[in-house]
Amino acid sequence: MENLTKRQIVENIAEDSNLSQNAIRAVVQATIDQIQEGLARGQNVEFRNFGVFEQQVREERIGRNPSQPEIDIVIPRQRVIKFKAGKVLKSQLQS
């Protein structure tokens, strides 16, 4: 199964509507920009019935290099983005 790209999303929406690909591309890009900006500000991004993009903080921890397991490595604290699927999406995935 191949990945769904932004270009394919734009083309699919253009086929289903009477809008130009350029107009749709601008809206899709603006949506992505808003999601990125919200996450960068520390906000969660919620799409009802689809899911939530949320930030979590991974605290500093000790790791090991598999090729040199005798040496401990400090993995710094970092913010990560997690996705939690909504009810509708979860039910579609289970079908």
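Coordinates for the structure precede this section.
Below: a short report on this structure. (Residues numbered from 1 in each chain as written. Predicted model: local features only at pLDDT ≥ 70, side-chain atom pairs only at ≥ 80, totals over all residues. Heavy atoms only, no water.)

## Re the sheet that holds strand 5 (residues 78–85)
And step 1. Sheet architecture is open: 3 strands sit in the order 1-2-5, paired in antiparallel fashion. Two strands in the sheet have a free side with no partner beyond their single neighbour: strand 1 (45–47) and strand 5. Averaged over all pairs of adjacent strands, the angle between strand axes in this sheet comes to 25°, irrespective of strand direction.
And step 2. Examined bridge by bridge, strand 2 (residues 51–58) and strand 5 share 8 bridges and lie antiparallel to one another. Looking across to strand 5, one finds that Phe-53 is bridged to Phe-83. (Pairing = 2+ DSSP bridges. Helix = DSSP H or I, 4+ residues; strand = E, 2+ residues; numbered from the N terminus. Axes fitted to C-alpha atoms, helices over the stretch in contact; angles between N-to-C directions.)

## Topic: the packing of aromatic side chains
Any aromatic ring pair is given by two values, namely how distant the centres are and how the planes are angled relative to each other.
And step 1. Counted according to the given criterion, the structure contains 3 aromatic pairs.
And step 2. Ring geometry for Phe-47 and Phe-50: centres 6.3 Å apart, planes at 75°, overall edge-to-face.
And step 3. A relative accessible area of 32% places Phe-47 in the partly exposed class.
And step 4. Both rings, one in Phe-53 and one in Phe-83, keep their centres 4.9 Å apart while their planes meet at 50°; by these two values the pair is tilted. With Phe-53 in strand 2 and Phe-83 in strand 5, this residue pair connects regions lying 30 residues apart in the sequence.
And step 5. Owing to a relative accessible area of 36%, Phe-83 belongs among the partly exposed residues under this scheme.
And step 6. These aromatic residues form a ring-pair network of at least three members: Phe-47, Phe-50, Phe-53 and Phe-83. (Phe/Tyr/Trp six-rings, centres within 6.5 Å; stacked < 30°, edge-to-face > 60°. Buried < 20%, exposed > 50% of the residue type's maximum accessible area, 1.4 Å probe, protein only.)

## Structural notes on unusual backbone geometry
With the exception of glycine, the majority of residues adopt a negative phi angle, and the majority of peptide bonds are in the trans configuration.
And step 1. Positioned with a positive phi, Asn-49 is a non-glycine residue whose angle comes to about 70°.
And step 2. Here Asn-49 is to be found in the loop between strand 1 and strand 2.

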